[in-house]
Amino acid sequence: VRYVISVAMFYVYILKSSIDQELYVGSTSDLRRRLREHQAGRSFSTSFRRPFALIYYEAYRNEDDCRAREQKLKLRGQARRHLLDRIILSIKGK
């Protein structure tokens, strides 16, 4: 007998535009669907900056926690800078 447990997850993600190298922070309950929407130009805020590369995401079980993290990354420069420093170090392999 196999049991499948479905747990709703919520995601904060960071995309990097191939056009202008700028970053976009967002959140969703379906990361794959949301990425397809961004790539297809179905998101007004990012349609002119595609294509994108997903450079980072965090998963949360609680939607409120996810939204709070998204807002911190969008509004607080220090939180965003700290995360970007971690991403850069991981890309460089240090």
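Residues numbered from 1 in each chain as written. Predicted model: local features only at pLDDT ≥ 70, side-chain atom pairs only at ≥ 80, totals over all residues. Heavy atoms only, no water.

## With respect to the pattern of salt bridges
Argument step 1. On inspection of all chains with the given rule, the structure shows 9 salt bridges.
Argument step 2. The residue E63 makes a salt bridge to R67 at a minimum N-O spacing of 3.2 Å. Here R67 and E63 lie together in helix α2 (residues 63–75), a separation of 4 residues that amounts to about one turn.
Argument step 3. The exposure class assigned to E63 is partly exposed, which follows from its relative accessible area of 36%.
Argument step 4. For R67, a relative accessible area of 37% gives the class partly exposed. (Salt bridge = Lys/Arg side-chain N within 4 Å of Asp/Glu carboxyl O. Helix = DSSP H or I, 4+ residues; strand = E, 2+ residues; numbered from the N terminus. Buried < 20%, exposed > 50% of the residue type's maximum accessible area, 1.4 Å probe, protein only.)

## Looking at the side chain of R69
Argument step 1. Inspection of the secondary structure puts R69 in helix α2.
Argument step 2. Among residues more than four places away in sequence, those in contact with R69 are V12, E58, Y60, A79 and L83. (Contact = heavy atoms within 4.5 Å.)

## Details of the packing of aromatic side chains
What describes a pair of aromatic rings is the distance from one ring centre to the other and the angle between the planes of the rings.
Argument step 1. All told, the structure shown has 2 aromatic pairs when counted by the stated rule.
Argument step 2. A ring pair is formed by Y11 and Y57, whose centres lie 6.1 Å apart and whose planes are at 65°; its orientation type is edge-to-face. With Y11 in strand β1 (residues 10–17) and Y57 in strand β3 (residues 52–60), this residue pair connects regions lying 46 residues apart in the sequence.
Argument step 3. What makes Y57 partly exposed here is its relative accessible area of 46%. (Phe/Tyr/Trp six-rings, centres within 6.5 Å; stacked < 30°, edge-to-face > 60°.)

## Some points on the sheet that holds β1
Argument step 1. Taken in spatial order, the 3 strands of this open sheet run β2-β1-β3, and their pairing is antiparallel. The sheet terminates laterally at β2 (23–28) and β3, the two strands that pair on one side only. Taken over all neighbouring pairs, the strand axes of this sheet differ in orientation by 20° on average, direction set aside.
Argument step 2. In this sheet, β3 lies alongside β1 in antiparallel orientation, the contact comprising 8 bridges. If you follow L15 over to β3, its bridge partner there is L54.
Argument step 3. Lying over the sheet, helix α3 (residues 77–92) contacts β1, β2 and β3, oriented at roughly 115° with respect to β3. (Pairing = 2+ DSSP bridges. Axes fitted to C-alpha atoms, helices over the stretch in contact; angles between N-to-C directions.)

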